[in-house]
Structures are given as C-alpha cells and as structure tokens.
Amino acid sequence: MSQGEKEKAEVSYVGYANLPNQVFRKAVKRGFQFSLMVVGQSGLGKSTLINSLFMTDLYEDCVYSPSPQRMPRTTEIKESTVSVEEGGVRLELTLIDTPGFGDIVDNSQCWRPIVDYIDSKYEKYLNDESRVNRGYTEDYRIHCCLYFIPPNGHGLRQIDIEFMKQLHNKTNIVPVIAKADTFTPEEVVRFKKVVLQDIADNGIKIYQFPDAQLDEEDDAANQKLREAIPFAVVGSNTILEVNQKKVRGRQYPWGVAEVENADHCDFTTLRNMIIRTHMQDLKDITNNVHYENYRCTKLANVSSVTGSATDKIAPSRDPLAQFEVEKKEHEKKMRRMEEEMEDVFEVKVREKLQKLEDIKHDLNRRKEAMTRTIEQLERDLNESKRQFDEDKRQYDIEQQKYMEQVESQMRQQAPA
Ligand code: GTP
C-alpha cells in the first residue's frame, strides 16, 4: 500500500469493524449458561450418562473408579449446576436428572412433572424479563432434552410417543438410544431407522440441525449428525485399561465397550454436538421458538382475562373504535342476558307443565276411585232391592195362602 493509500484508509476507518470483538468480549466476560435435561424410562442409564457427559462428578458417591459403582436411583427432579472454564470462557452448566417413569401401573400423566418443570423455568424467565428494573436475565430455561429410548429392538412404545409429543413444543428433544452396547452394529443401524420412522409417522418434532447454507464444512458436519440421530449411547462410570490407555467403558467377557470410542457408540458425537457445535443453536431455538410459544400463550391468556377492562381504560384508543368495542360488548352482554332469561323461562314453563300433569294424574286417580265406590254402592243397592223383591214375593205368597185358609174355614162354618 502506498503512503497515499495508507493515509486514505486511515481517514476512512470509522471503527465499526471492531464491533464483533466488543460483542465477543462482553459475551466472554458474562459467561454462558446452558441447561440440559435427561428424560426416559427408569434404569436406562440417564444418571450414568450425564455423570460422564461433561466429565464432572455430579454424584459424589459415584466417582469414577476402576470397579463398577451403583448409581443411586433418581426419585425426584435433581438439578446440578457446575461451572466449567476452558480457554478463559466460563460456562455455567445445569444438568437436570429426572426420575425414570414406567415403574408404576398408571403412567397416564407421567410427563406432567417434567412439563411443569420446563414451564416453571419459562415462567421465571418471563417474570425476570418483565421486571421494571431488569438487568441481565439469568437463563435457566431448558435448552436441550435428551430423551432415552429403551433398546428393545422394536421401535418406540406408546408411552415414548406420548411423552415426546408432550415435550416437543416445549423444548429441543434429542432422542438417544440407551445402552447401545446391547446391540450389534447392524442392529443399531436397523433400530435407528425404525425409531426415525416411528418419529416421522407420529408427527414428533425432534431437534433439527440447521442448514448451514453458507458453509460447506458445517453443512457436511450437520449432515453427519443428521445421519447419526438418534444417537446410540453407552454410559459408564468405570475406568478400564485398554492397550495401556485408561478409558471409560463397560467390561464384558468378550471385550470392552468403550464410551468414547466412535466405533462403539455415538457418545462423543453427541457430546461434541451439544458442547462444541450446536450449543448456541439449541439456545437460539429455545429462545426464539419454544420460549416465544410459551410467552405468546401466556400473554394471550392474560390479555383475554383483562381484555375488557383494558379496553375501557386504554387512553390512546381511537374513540370510534372504543365505541364499537363497547357496543359489541354491550350487545354480547344483552344476548347473554336474553339467553339466560330464555333458559329461566323454559325451566319455569317446564315446571308448570309438570305440575299440571301431576294434578291431572291425581284427579284421574281420584275419579277412578270414586267410580269404583259408586259402582260398588250400585251393586249393593241392586242386591238389597232384589232381596226386598224376593221377601215381598214370599210374603205375598204366604198372605195368599193365609187368605185362602181363612176363606175355606169361613165357608165350612157358615150354615148350609
Ligand atoms: P433411574 O434413576 O431409575 O431413572 O435410572 P437411570 O436411567 O438414571 O439409570 P442409571 O444411570 O441409574 O443406570 C441404571 C443401570 O444401568 C446401572 O446399573 C448402570 O450401570 C447401567 N447402565 C447405565 N448405562 C448403561 C449402558 O450404556 N449400558 C448398559 N449395559 N448398562 C448401563
């Protein structure tokens, strides 16, 4: 560059090219927050995996050791926050272990505590964000949920489908096949296909790797990740020695299933995806899609509750529009009242008709009883009359006989 060109460049240099550095410095100074949750049926190795995922000992009674250690059973949602630093960048990592489901008879609402937990984090964020005096908002929202699929070889069970459907609009679901060491490599490939098919058939929305259209390298990496999903993982808290190297793995009579060996399982691919390549994308989708969904639903609910009141007091409203709204409100109210009155009237008419029906029924009953009594009296009277006629006839006969006797006696006594 000639002297003239240099001077020209210096004059035209404003300094905004330094902006990315400012953003970078600020972000590094503040640090990063990320929350990962594990969900799935009981005993699939969730606690074991998160204990090994970030090389931290979340479970103090289960530090890495040469011999297998027993993981405590997770009975409630357990949050563990660890602060890790690498190359001057601080990351506050929150790992959420959830109790496994499927042990009890009724699993119909087993996702409820998890969904409520995720919502509670959004709620807290929304409250913090809406404060009058808001500074930096701590982000404890759930950015990623590893959903553990049991290695049954057949595909997703109904409970897994339902569970994922309850979660897919709340958080980024990354499906993982648990205990992949129970499969042969061919079986893993087949099972992955079956699971992906089930996911598609049931309209489950899992985390989608972004299209990095501008960067071919990223695109290739994303394509590789897309092919690996659902990640088949192996978890272990045991350190073993293989070829004079210490590795995490599971010892079997026929060899060792190494956790961090890409030929044995997708553990490292999953870890790299979460930490190295897609952490920011997971956070962005949480913020832009899932949190936005939550926020919109929440605010829509609030405005529908307070809507009419706000309409009345909103000072900046156009008076004509305000009048229209009030008119509509009034008409709605009148219609509601009319409907209520009609309902009341209908009930009253029904009551009256019922009363009349009862009276009619009672009268009929009484009429029938009286008819029966009259008929009986008539019968009795007829019987008495018949008896009387009979008595009279007998009397007449006897009278006749007597008169004849008297006449015959008189004839005999009279002088010839
Ligand atoms: P809950 O707390 O009941 O929800 O169980 P969990 O899903 O957290 O399982 P946990 O990590 O407690 O592991 C259960 C058992 O599975 C333990 O004995 C683990 O050693 C074993 N396990 C964990 N990961 C694997 C794996 O990848 N393969 C095999 N074969 N076993 C594993």
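Residues numbered from 1 in each chain as written. Predicted model: local features only at pLDDT ≥ 70, side-chain atom pairs only at ≥ 80, totals over all residues.

The protein goes by Septin in an unreviewed UniProt entry, where it is assigned to Amphimedon queenslandica. Quoted straight from UniProt, the Subcellular location (unreviewed entry) entry for the protein says "Cleavage furrow". If you open the UniProt record of the protein and go to Sequence similarities (unreviewed entry), you find "Belongs to the TRAFAC class TrmE-Era-EngA-EngB-Septin-like GTPase superfamily. Septin GTPase family." (UniProt positions renumbered as here; feature names shortened; annotations may be inferred.)

Peer 1: Would you mind showing me how to read the overall build of the protein here?
Peer 2: In terms of regular secondary structure, the protein is built from 10 helices and nine strands. Burial statistics for the protein: of 416 residues in total, 23% are counted as buried. Across the protein, every contact between residues at least 6 apart in sequence was considered, and the portion connecting residues at least 24 apart equals 68%. (Helix = DSSP H or I, 4+ residues; strand = E, 2+ residues; numbered from the N terminus. Buried ≥ 20, exposed ≤ 12 C-beta atoms within 10 Å, placed from the backbone. Contact = placed C-beta atoms within 7 Å.)

Peer 1: Sorry if this is basic, but what is going on with unusual backbone geometry here?
Peer 2: With the exception of glycine, most residues fall at negative phi, and the peptide bonds are largely trans. Backbone torsion omega between I229 and P230 reads -5°, so that peptide bond is classified as cis. With respect to the secondary-structure elements, P230 resides in the loop between α7 (216-228) and β6 (231-232). Here the phi dihedral of K179 falls at roughly 45°; this positive angle occurs in a residue that is not glycine. For K179, the position within the fold is in the loop between β5 (173-177) and α6 (185-201). Within the chain, Q244 stands out as a residue other than glycine whose phi angle is a positive 60°. Structurally, Q244 can be placed in the loop between β7 (239-242) and β8 (245-252).

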